[in-house]
Amino acid sequence: MLRRMYDWCIAAADKPYALWLMGAVSFAESSFFPIPPDVMLIPMSLARPQKAWLYALVCTVTSVAGGVVGYAIGALLYDSVGQWLINLYGYGDKVEAFRASYAEYGAWIILLKGLTPIPYKLVTITSGFADYNLLLFVVFSIIARGGRFFIVAILLNRYGTWIREAIEKRLGLWVIIATATLVLGFIIAFRLF
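The structure displayed is predicted, hence computed values, not measured ones.

Quick notes on the rules
- Residues numbered from 1 in each chain as written.
- Predicted model: local features only at pLDDT ≥ 70, side-chain atom pairs only at ≥ 80, totals over all residues.
- Heavy atoms only, no water.
- Core = buried A, V, L, I, M, F, W, Y, C linked by side-chain atoms within 4.5 Å.
- Buried < 20%, exposed > 50% of the residue type's maximum accessible area, 1.4 Å probe, protein only.
- Helix = DSSP H or I, 4+ residues; strand = E, 2+ residues; numbered from the N terminus.
- Contact = heavy atoms within 4.5 Å.
- UniProt positions renumbered as here; feature names shortened; annotations may be inferred.
- Axes fitted to C-alpha atoms, helices over the stretch in contact; angles between N-to-C directions.
- Parallel < 35°, antiparallel > 145°, perpendicular 65-115°, else oblique.
- Left-handed = near helix turned anticlockwise from the far one by under 90°.
- Nonpolar A, V, L, I, M, F, W, Y, C, P; charged D, E, K, R; others polar.
- Salt bridge = Lys/Arg side-chain N within 4 Å of Asp/Glu carboxyl O.
- Phe/Tyr/Trp six-rings, centres within 6.5 Å; stacked < 30°, edge-to-face > 60°.

1. Thoughts on the nonpolar core
Item 1. Counting 19 residues, the largest nonpolar core has Met-22, Leu-41 and Met-44 as its most contacted members.
Item 2. Elements that contribute at least two residues to this core include exactly α2 (18–29), α3 (38–47), α4 (52–76) and α8 (134–169).
Item 3. Broken down by element, the residue count for this core peaks at six residues, all from α8.
Item 4. Discounting chain neighbours no more than four positions away, the residues touching Met-22 are Met-40, Leu-41, Met-44, Tyr-55, Val-58 and Cys-59.
Item 5. Membership of the second largest hydrophobic core comes to 13 residues, among which are Tyr-71, Tyr-102, Leu-111 and Ala-130.

2. Overview of the environment of Leu-136
Item 1. By the element assignment, Leu-136 lies in helix α8.
Item 2. Taking the C-alpha atoms as reference points, Leu-136 and Ala-107, 29 residues apart in sequence, are found 7.8 Å from one another.

3. Looking at the UniProt feature "transmembrane region" (unreviewed entry) in the chain
Item 1. Residues annotated in UniProt with the feature "transmembrane region" (unreviewed entry) correspond here to residues 52–78, 134–159 and 171–192.
Item 2. The distance from the first to the last C-alpha atom of residues 52–78 is 36 Å, and the span holds 96% helix and 0% strand.
Item 3. Between the C-alpha atoms that bound residues 134–159 the distance is 37 Å, and the span itself is 100% helix and 0% strand.

4. Considering the packing of α3 against α4
Item 1. Orientation of α3 relative to α4, taken along the N-to-C sense of each, is 165 degrees, at an axis distance of 9 Å. The angle between the axes of α3 and α4 places the two elements in the roughly antiparallel class. In terms of crossing hand, the pair formed by α3 and α4 is right-handed. Facing Leu-41, Met-44 and Ser-45 of α3, the residues of α4 in contact are Ala-52, Tyr-55, Ala-56 and Cys-59.
Item 2. Within the contact of α3 with α4, the residues separate by chemical class into six nonpolar, one polar and no charged.

5. With respect to the side chain of Ser-127
Item 1. Topologically, Ser-127 is positioned in helix α7 (residues 120–129).
Item 2. Here Ser-127 is in contact with Tyr-71, Tyr-102, Ile-110, Tyr-132 and Phe-137, once residues within four sequence places are set aside.

6. Observations concerning the pattern of salt bridges
Item 1. Evaluated as defined, the whole model comprises three salt bridges.
Item 2. Glu-29 is the salt-bridge partner of Lys-121, the closest N and O atoms lying 3.9 Å from each other. With Lys-121 in helix α7 and Glu-29 in helix α2, the pair connects residues that are 92 residues apart, well separated along the chain. This pair shows no difference in class: Lys-121 is buried, exactly as Glu-29 is.

7. Some details on the packing of helix α5 (residues 78–88) against α7
Item 1. For the pair α5 and α7, interaxial distance at closest approach is 10 Å and the crossing angle is 150 degrees. Between α5 and α7, the crossing angle belongs to the class labelled roughly antiparallel. Both α5 and α7 take part in a crossing whose hand is left-handed. In this structure, α5 contributes Tyr-78, Gly-82, Leu-85 and Ile-86 to the contact, and α7 contributes Leu-122, Ile-125, Thr-126 and Phe-129.
Item 2. Residues belonging to the contact of α5 with α7 are distributed by class as follows: six nonpolar, two polar and no charged.

8. Details of the packing of aromatic side chains
Item 1. Within the structure shown, the criterion is met by two aromatic pairs.
Item 2. Aromatic pair Trp-53 and Phe-150: ring centres 6.3 Å apart, planes at 25 degrees, arrangement stacked. A residue pair is termed long-range when its members are at least 10 positions apart, and Trp-53 in helix α4 and Phe-150 in helix α8 qualify at 97 residues.
Item 3. Overall, the relative accessible area of 38% leaves Trp-53 in the partly exposed class.
Item 4. A relative accessible area of 26% places Phe-150 in the partly exposed class.
Item 5. Aromatic side chains Tyr-71 and Phe-137 sit 5.3 Å apart centroid to centroid with 40 degrees between the ring planes, which places their arrangement in the tilted category. Residue Tyr-71 is found in helix α4, and its partner Phe-137 is found in helix α8; the two are separated by 66 residues along the sequence.
Item 6. Tyr-71 sits in the buried class, given a relative accessible area of 9%.

Put into structure tokens, the structure is as follows:
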């Protein structure tokens, strides 16, 4: 089953809708969707390493745009949609502490959490809720999300063939590592949030 999903993702890189789908996932992940765009960015970049830069750019732009939607949810709809999303991910009791830390460490929170596997939607919604400066939020989001996606692009563009062979040789192990990283991101977010 893993092999079929992996093969589908690799084959999907050649489809005309793949870039749009990856952009939609990246956009949605920044405001409400639980799956990060890396699940498409990595296989697509492995299939076509020469396009890794384009894929990273699309993920960055759509992630920041989705982040602005997440910011709006926090700023305008926190009492309904924003609070529901935060509670859905189990962070409802941590929001006030996180909001207070924004006054002092807002830039660092956006930069560091935007680079990590910690769910970015938590940062976007809380940034709006905390009334963090929107322009600074966008600038720091571009730096953090662009940094994250372009690091992947650099690695896959340069070492894509070697990485693809390693992944295909031990696909199950890499899926376990990716899943553990994602779960660890949620755990860290829960502890730090």
